[in-house]
Structure formats: C-alpha cells, structure tokens
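Take a look at the letters that make up each chain.
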Amino acid sequence: MRKKIVAGNWKMNKTLQEGIELAKGVNDIVKKNGAKCTVVLGTPFIHLTEVVKTVDANLIKVSAENCADKASGAYTGEVSAAMVKSTGAEYVILGHSERRQYYGETDAILKEKVDLALANGLKVIFCIGEVLAEREAGKQNEVVTSQVKNALFHLSAEQFANIVLAYEPVWAIGTGKTATSEQAQDVHAVIRACVAAQYGAAVAEDTTILYGGSCKASNAKELFAQKDIDGGLIGGASLKPEDFYGIIEAYN
Ligand code: 13P
C-alpha cells in the first residue's frame, strides 16, 4: 500500500516564534485526535531545527521547501541538502512552481537538486504542474510528464522510491480555484501511467502522488477519495492548526 501524506508548505510565512507555535499547535491536535496519514510540515530553513525539536518524531515529519543545486562551497545565501539533513528534517520540497517561476529553476537545475537531496538521505516531494495557458491549450498532460521525465527519470527504481510527486496546477495555487476532483484524478492517472512506463507497474502503484492547489477541509475528502490521489500539499490552509487538521482529518 502506498503512503498517504498530508504535507504543509508554509512558504515564506511565520517568524521563528510563530512557526514554533504553529508546529506545537499541529502536534497537539494530531496527538489528541490522531492521524491516519503521514503528516509533514514544510518550513523555511531557519525553522527546521526548532520544528524538529518541537514535534513528536513519531507523529510529524519535517521538510525543507528547497535546497541548493550545489553540494557546498562559495554560494552565498544558499542552503545545501546536507545542511537540511543535519537539522533532522526528512523531506525536501523541490520544483515548486514558485521556485520555477520566480527563481528560474529549470528541469536541469532541479535534476541536480534531486540528486543531492537523495545522496544526502532526504526524501523529495517533487512538484509539477501546468500554468493556466497550458491548461487552456489542453497541454497539461504533456507538461507534467515532461517535468517528471526531465528531472527524475535518470534515477534508478531504488532511488525513485524516495520520491513523492505533487501535482499542483499553477492556476489553482493560492487562487481559491481548486481543480475539480475529476480534473485532478485525470492528471494523476497520467502521471502514474508515465511512472509505470519507466519503472513498471509495481513501482507506479507504490508512488505517492499528492494534489496541491487551494486544497482545504471542505474539498479534501472528495479529492483524496480519488483512486490516484494519495493526499495533499497544502499552502494557505497549513498556516493554522485547525485548518490543517481539517485536511488531515479527511483520512480519519
Ligand atoms: P495553496 O494551498 O495556498 O493553494 O498552495 C498550494 C501550494 O502551493 C502548496 O505547495
């Protein structure tokens, strides 16, 4: 059975103190009410160490939102995969559309980041998704499969087992405009078929594919009920414990 995951992506929100408070809040509510999925908190770099210390490791996993495409050295302001790993974080989010759009991250750069993350023992939540113009042109399947192929298909099946995919249609991120469960399921099925063609049916069956984009408590249940949707990557609704738990609860 593939893993079900609900992961928060805090993006560039919360001071250190606010982040610790939020992590504590999520930990308390999960401890009290339980979770039938893996819960991950994706936080800015500076929060990682404290959030790892704040949460119960058996209840909540911690993720960075990015890492450098170089191993170490004179790259002022960058944070390496080894540094992320040394905080106790288990995951790193790579390829988020905001990184691709605003910071020029290409498939080639992402490939380097993926390799470094895996070499340092991190699991990768790898984001893919089309922009509105691509959706309107009916190109979403083509876009997501090429993103997956270009950045990931050089990996061995063994390495690929440490990849979680996250389909995030860019037009649905932070817009309140969620993909319908049918639109999301259609693309998830295409992604799984693409993984199957490269690595075989068994690997594809075991691959966790998350949905992201205006996912919230009110739509999570229907989205997560789809055959190829294995949880969510949550932005805005991960910034308050009750909102985030409302999504985790979709699996209870
Ligand atoms: P929202 O949930 O705010 O739409 O953001 C989704 C996202 O980008 C998660 O990575």
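Our structure is the block above this text.
1. A look at the nonpolar core
Core analysis: the biggest nonpolar cluster contains 68 residues, and Phe 126, Leu 152, Ile 163, Leu 165 and Phe 224 have the highest contact counts within it. The greatest single-element share of this core, amounting to 6 residues, is contributed by helix α9 (residues 181-199). Ignoring any residue separated from it by four or fewer positions in sequence, one finds Phe 224 in contact with Val 6, Cys 215, Ile 229, Gly 231, Gly 232, Ile 247, Ala 250 and Tyr 251. In terms of nonpolar packing, the next biggest core, distinct from the first, is built from 11 residues, Ile 93, Cys 127, Val 164 and Ala 166 among them.

2. With respect to helix α5 (residues 107-119)
For α5, with 13 residues, the first-to-last C-alpha span of 18 Å sits near the 18 Å given by 1.5 Å per residue. Of all the positions in α5, only Asp 107, Leu 110, Lys 113, Val 114, Leu 116, Ala 117 and Leu 118 are classed as buried.

3. Side note on the packing of helix α7 (residues 140-152) against α9
The N-to-C vectors of α7 and α9 enclose an angle of 40°; their axes lie 10 Å apart at closest approach. Considering the relative orientation of α7 and α9, their crossing is right-handed. Facing Gln 140, Asn 141, Val 144, Thr 145, Val 148, Lys 149 and Leu 152 of α7, the residues of α9 in contact are Val 187, Val 190, Ile 191, Cys 194 and Tyr 199. When its residues are assigned to classes, the contact of α7 with α9 shows 8 nonpolar, 3 polar and 1 charged.

4. Section: the sheet that holds strand β4 (residues 91-94)
Here we have 8 strands rolled up into a closed barrel, ordered β1-β2-β3-β4-β5-β6-β7-β8, and parallel in their pairing. This sheet shows a mean twist of 25° between the axes of neighbouring strands, independent of strand direction. Sitting on the sheet, helix α12 (residues 241-248) is in contact with β1 (5-9), β2 (38-43) and β8 (231-234), with an inclination near 155° to β1.

5. Remarks on the site of the ligand
Taken together, Asn 9, Lys 11, His 96, Glu 168, Ala 172, Ile 173, Gly 174, Gly 213, Ser 214, Leu 233, Gly 235 and Gly 236 are the residues near the ligand. A distance of 2.9 Å separates an oxygen atom of the ligand from a polar side-chain atom of Glu 168. Contact with the protein chains removes 94% of the 310 Å² of surface that the ligand exposes when unbound. In this structure the site holding the ligand corresponds to the second largest pocket. Residue classes in the shell around the ligand are distributed as 3 nonpolar, 7 polar and 2 charged.

6. Considerations on the packing of aromatic side chains
Taken as a whole, this structure holds 5 aromatic pairs when the rule is applied. Summarising the aromatic geometry, the rings of Phe 153 and Phe 160 are spaced 6.3 Å apart at their centres and angled 65° between planes, so their arrangement reads as edge-to-face. Taken together, Phe 153, Phe 160 and Tyr 199 form an aromatic cluster joined through their ring pairs. If you follow Arg 99 out to its NZ or CZ, it ends over the ring of Tyr 103, 4.2 Å from the centre. Lying over the aromatic face of Tyr 91, Lys 123 brings its terminal NZ or CZ to 5.4 Å of the ring centre.

Criteria and thresholds
- Residues numbered from 1 in each chain as written.
- Predicted model: local features only at pLDDT ≥ 70, side-chain atom pairs only at ≥ 80, totals over all residues.
- Heavy atoms only, no water.
- Core = buried A, V, L, I, M, F, W, Y, C linked by side-chain atoms within 4.5 Å.
- Buried < 20%, exposed > 50% of the residue type's maximum accessible area, 1.4 Å probe, protein only.
- Helix = DSSP H or I, 4+ residues; strand = E, 2+ residues; numbered from the N terminus.
- Contact = heavy atoms within 4.5 Å.
- Expected span 1.5 Å × (residues − 1).
- Axes fitted to C-alpha atoms, helices over the stretch in contact; angles between N-to-C directions.
- Left-handed = near helix turned anticlockwise from the far one by under 90°.
- Nonpolar A, V, L, I, M, F, W, Y, C, P; charged D, E, K, R; others polar.
- Pairing = 2+ DSSP bridges.
- Near = heavy atom within 4 Å.
- Polar contact = N/O pair within 3.5 Å; in protein donor to acceptor, adjacent residues only side chain to side chain.
- Areas by Shrake-Rupley, 256 points an atom, 1.4 Å probe, with all protein chains shown as cover.
- 1 Å grid on protein atoms, 1.4 Å probe; cavity = no way out; pocket = protein on both sides within 12 Å on 5 of 7 lines; lining within 4 Å.
- Sits in = over half its atoms within 2 Å of the grid points.
- Phe/Tyr/Trp six-rings, centres within 6.5 Å; stacked < 30°, edge-to-face > 60°.
- Lys NZ or Arg CZ within 6 Å of the ring centre and 35° of its normal.

What is shown is where atoms sit, not what they do.
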